[in-house]
Amino acid sequence: MFIVLLGAPGSGKGTAGKIIAEDLKLAHISTGDLFRENLKNETELGKEAKEYMDKGELVPDKVTIKMLKDRLNSDDVENGAVLDGFPRTGVQAVSLDKMLGEMNAKVDMALNIDVPFEEIVERIANRRSCKNCGEIYNVVFNPPKQEGICDKCGGELYQREDQKPEVVENRLKVYSETAEELINHYKNAGVLYDAKAGDAVGKTSYDVAKEVEEYIKNK
Ligand code: ADP
Ligand code: ZN
């Protein structure tokens, strides 16, 4: 089974996606995480992606598609995957259909998580990431036990470059430009599932995940 997560940055799709992947025993593939890993390891790919990421722009399709294709070939993807952050353009969506087709698979569900933009801006402003392991906290809804320090690994928490307000606005703008095309792509394929997300962050993502699992079970 392959599930695609649509929804703006900050919609909570990452958190929901992780829960769904774990519960349904699917791989969790986040292109943002893959890029950040490459950045950290200073690979050629990382160097190429950095200038785009720092501005909140999309990394070019060619680079992104190749990275995803490599990832889809890993052993842990055998049962399927939750794709977080891919596709983000029409070209990526079409190439995903093709890649999955070659694996005798398809996108079974595109989950669209709808959250008002004003709320997203606030959520992202409250986000902190661990420098060491990448774990994400929300200083209001999901704070670390000790301020500035990661519960999981003791690493230092910081505000990612792309979580700064001006960059967030640009990311939302970039998202809006391609969102409709993606939503229509999956609506036409008959696999779009719309989830309206409410207010409280932690609760929202968890609820969305459980709602989706219930839906899949009864399908
Ligand atoms: P967000 O919080 O915006 O969902 P991600 O962590 O998914 O951010 O991605 C961070 C950055 O990585 C994006 O702003 C973009 O530069 C790059 N990126 C991630 N996925 C893609 C993609 N599918 N196509 C192009 N660029 C991507
Ligand atoms: Zn950590």
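Everything here concerns the structure above.
Residues numbered from 1 in each chain as written. Chains lettered and ligands numbered in written order. Predicted model: local features only at pLDDT ≥ 70, side-chain atom pairs only at ≥ 80, totals over all residues. Heavy atoms only, no water.

Q: Looking at this structure, how should I read the overall build of the chain?
A: When helices and strands are tallied, the chain shows eight helices and eight strands. In terms of overall size, the chain behaves like a compact globule, its C-alpha atoms giving a radius of gyration of 17 Å where 219 residues would be expected to give roughly 17 Å. For the C-alpha atoms alone, the extent of the chain along its principal axes is close to 45 × 40 × 35 Å. Residue burial in the chain is summarised as follows: out of 219 residues, 47% are buried. A sequence separation of at least 24 residues applies to 71% of the contacts in the chain between residues at least 6 apart. Looking at the chain as shown, the accessible area adds up to about 11,800 Å², and 49% of this sits on carbon and sulfur atoms. If you average the places of the 31 positive and of the 40 negative side-chain charges in the chain, the two averages end up 2 Å apart. (Helix = DSSP H or I, 4+ residues; strand = E, 2+ residues; numbered from the N terminus. Rg over C-alpha atoms; globule rule 2.2 N^0.38 Å. Buried < 20%, exposed > 50% of the residue type's maximum accessible area, 1.4 Å probe, protein only. Contact = heavy atoms within 4.5 Å. Areas by Shrake-Rupley, 256 points an atom, 1.4 Å probe, with all protein chains shown as cover. Lys, Arg positive; Asp, Glu negative; His and termini not counted. Charge placed at Lys NZ, Arg CZ, Asp CG, Glu CD.)

Q: Is there a simple way to think about the side chain of E213 in this case?
A: Within the element layout of this structure, E213 appears in helix 8 (residues 201-217). Contacts of E213, omitting those with residues within four sequence positions, involve I19, I20, D23 and L24.

Q: What is the right way to look at the packing of helix 2 (residues 31-40) against helix 3 (residues 44-55) in this model?
A: At their nearest, the axes of helix 2 and helix 3 sit 8 Å apart, and the two run at 115 degrees to each other. Once helix 2 is placed against helix 3, the crossing between them reads as left-handed. Of the residues in helix 3, those in contact with G32, F35, R36, N38 and L39 of helix 2 are L45, G46, A49, K50 and M53. (Axes fitted to C-alpha atoms, helices over the stretch in contact; angles between N-to-C directions. Left-handed = near helix turned anticlockwise from the far one by under 90°.)

Q: Honestly, a nonpolar patch on the surface in this entry has me stumped. Any pointers?
A: A contiguous nonpolar surface patch, about 260 Å² in accessible area, is contributed by V139, V140 and F141. The topology assignment puts V139 in the loop between strand 6 (136-138) and strand 7 (157-158). The class for V139 is partly exposed, based on a relative accessible area of 39%. (Patch = residues over 30% accessible without salt bridge, like charges linked within 9 Å, V, L, I, M, F, W, Y side chains within 5 Å. Salt bridge = Lys/Arg side-chain N within 4 Å of Asp/Glu carboxyl O.)

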